[in-house]
Amino acid sequence: MTETLAPPVVEPLIRGRFGRPYVYARHCASTQLELDEGSPEGAVAVCELQTAGRGRLGRRWEAPEGTAIHCSIALRPPRTRHVAELTLAGALATAEAIEATAGGAAPLIKWPNDLLVDACKVAGVLGELRGATVVLGIGINVNQTAEQLPAEARQAPASLRTTTGREHERAPLLAELLLRLERHYDSWREHGLDALHHELERRDFLRGREVRVDGIEGRACGIDRLGRLEVDIAGERRVVESGEVRY
Ligand code: BTN
């Protein structure tokens, strides 16, 4: 499939505030570096190839040119909100956009930032704070073949192509993602994570599983209303603020 995320293809599909301006480069080090503290809220950076793509915990995030969605969005949340929750808002928007446009894939959210289909990671979210601006990075594996997915990943990787058996157009998926993110962001600004909690619960991958995270082991009870993971350790509830979950 020959397709591009260049402005003439994507801009006509943008229906809301997010994606204006649409900052596009064919190649860049990381879309996270194309935005900064001064970027207007809703600005989006997109490229076809990242040469130094960033994952969580200092990891790399890579895909062959033109096969994935790599985008970053500038957000300026109110000071009263807990910015770490934006990762979950981004994960929810990504899951819904994938489900809406790539029929056959219904991603679950592995707290705090992984999107899984059949227990394989198809997308990830990375929030970085620059002053009062959050640069929210989202990477979706779209059209990579099995051979093009990273071999050394901690969570088995997949793409929408490998999970559905066909290629997908990236531009409609990106436009859908931006619209859903905008809606969730607006609700979150107004009502906090309460507004998204029900949908997060519905897509919670870890709930009921035995997990190990942040030095503790127990059964995951779910994501609480502050975006933390609740874990039951022999009848005692503990909350985890952040970390890498093994299950
Ligand atoms: C993770 O699961 O570790 C988070 C991955 C986030 C990757 C995206 S791709 C677009 C943006 N630019 C980057 O360099 N990283 C994020």
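Structural data are supplied above this passage.
So, here is what we can say about the structure in this document.

Rules of the game
- Residues numbered from 1 in each chain as written.
- Predicted model: local features only at pLDDT ≥ 70, side-chain atom pairs only at ≥ 80, totals over all residues.
- Heavy atoms only, no water.
- Axes fitted to C-alpha atoms, helices over the stretch in contact; angles between N-to-C directions.
- Helix = DSSP H or I, 4+ residues; strand = E, 2+ residues; numbered from the N terminus.
- Parallel < 35°, antiparallel > 145°, perpendicular 65-115°, else oblique.
- Contact = heavy atoms within 4.5 Å.
- Near = heavy atom within 4 Å.
- Polar contact = N/O pair within 3.5 Å; in protein donor to acceptor, adjacent residues only side chain to side chain.
- Areas by Shrake-Rupley, 256 points an atom, 1.4 Å probe, with all protein chains shown as cover.
- Nonpolar A, V, L, I, M, F, W, Y, C, P; charged D, E, K, R; others polar.
- Salt bridge = Lys/Arg side-chain N within 4 Å of Asp/Glu carboxyl O.
- Buried < 20%, exposed > 50% of the residue type's maximum accessible area, 1.4 Å probe, protein only.
- Pairing = 2+ DSSP bridges.

### Describing the packing of helix H4 (residues 170–191) against helix H5 (residues 194–202)
Axis angle and axis distance: for two packed helices, these are the angle between their axes and the distance between the axes, and together they describe the pair.
At step 1: Where H4 meets H5, the axes come as close as 7 Å, and the angle between the chain directions of the two elements is 130°. By the angle class used here, H4 and H5 are oblique. On H5, the residues touching His-184, Ser-187, Trp-188 and His-191 of H4 are Asp-194, Ala-195 and Leu-196.

### Considering the site of the ligand
At step 1: In the neighbourhood of the ligand, 21 residues make up the surrounding shell, with Ser-30, Gln-50, Arg-54, Arg-56 and Lys-121 lying closest.
At step 2: Within the contact set of the ligand, a nitrogen atom lies 3.0 Å away from a side-chain nitrogen or oxygen of Thr-31.
At step 3: Between the ligand and Arg-54 there is a distance of 2.6 Å, counted from an oxygen atom to a backbone nitrogen or oxygen.
At step 4: In the complex, the protein chains occlude 98% of the 410 Å² of accessible area that the ligand would expose alone.
At step 5: Put simply, the parts of the chain that give the shell around the ligand at least two residues each are strand E3 (68–75), strand E6 (120–130) and strand E7 (133–141).
At step 6: Per-element tally for the shell around the ligand: the top contributor is E6, with four residues.
At step 7: Broken down by class, the residue content of the shell around the ligand amounts to five nonpolar, 12 polar and four charged.

### Section: the pattern of salt bridges
At step 1: On inspection of all chains with the given rule, the structure shows 24 salt bridges.
At step 2: In this structure, Glu-99 engages Arg-203 in a salt bridge whose closest nitrogen and oxygen atoms are separated by 2.7 Å. Placement of Glu-99 in helix H2 (residues 85–101) and of Arg-203 in the loop between H5 and strand E8 (210–213) is noted, with a sequence separation of 104 residues between them.
At step 3: Here Glu-99 falls in the partly exposed class, since its relative accessible area comes to 36%.
At step 4: We note a salt bridge from Arg-202 to Glu-199, for which the minimum N-O separation is 3.0 Å.

### What about the pairing of E3?
At step 1: Counting buried residues along E3, eight of its eight residues qualify, which places the element largely inside the surrounding structure.
At step 2: Neither face of E3 is exposed, since Ala-68, His-70, Ser-72 and Ala-74 on one face and Ile-69, Cys-71, Ile-73 and Leu-75 on the opposite face are all buried.
At step 3: One ladder, built from four bridges, connects strand E2 (residues 44–50) with E3; its direction is antiparallel. Within E3, the residue paired with Ala-45 across the bridge is Ser-72.

### Considering unusual backbone geometry
At step 1: With omega at 0°, the peptide bond leading from Arg-20 into Pro-21 counts as cis.
At step 2: When you line up the elements, Pro-21 lands in the loop between helix H1 (7–10) and strand E1 (22–28).
At step 3: For the bond from Trp-111 to Pro-112, the omega torsion is 0°, close enough to zero to count as cis.
At step 4: One can find Pro-112 in the loop between strand E4 (108–110) and strand E5 (114–117).
At step 5: Even without being glycine, Asp-214 reaches a positive phi, approximately 55°.
At step 6: Looking at the element boundaries, Asp-214 is found in the loop between E8 and strand E9 (216–223).
At step 7: Unlike most non-glycine residues, Ala-234 shows phi in positive territory, near 45°.
At step 8: Position of Ala-234 among the secondary structure elements: in the loop between strand E10 (229–233) and strand E11 (236–240).
At step 9: For Ala-234, a relative accessible area of 84% corresponds to the exposed category.

### Thoughts on the environment of Tyr-247
At step 1: Here Tyr-247 is to be found in the segment after E11.
At step 2: Relative accessible area serves as the criterion here: at 41%, Tyr-247 is assigned to the partly exposed category.
At step 3: Leave out the neighbours within four places in its chain, and Tyr-247 touches Lys-110, Ala-119, Gln-155, Phe-205, Leu-206, Arg-209, Glu-210 and Val-211.
At step 4: A distance of 3.1 Å separates a polar atom in the side chain of Tyr-247 from a polar atom in the side chain of Gln-155.

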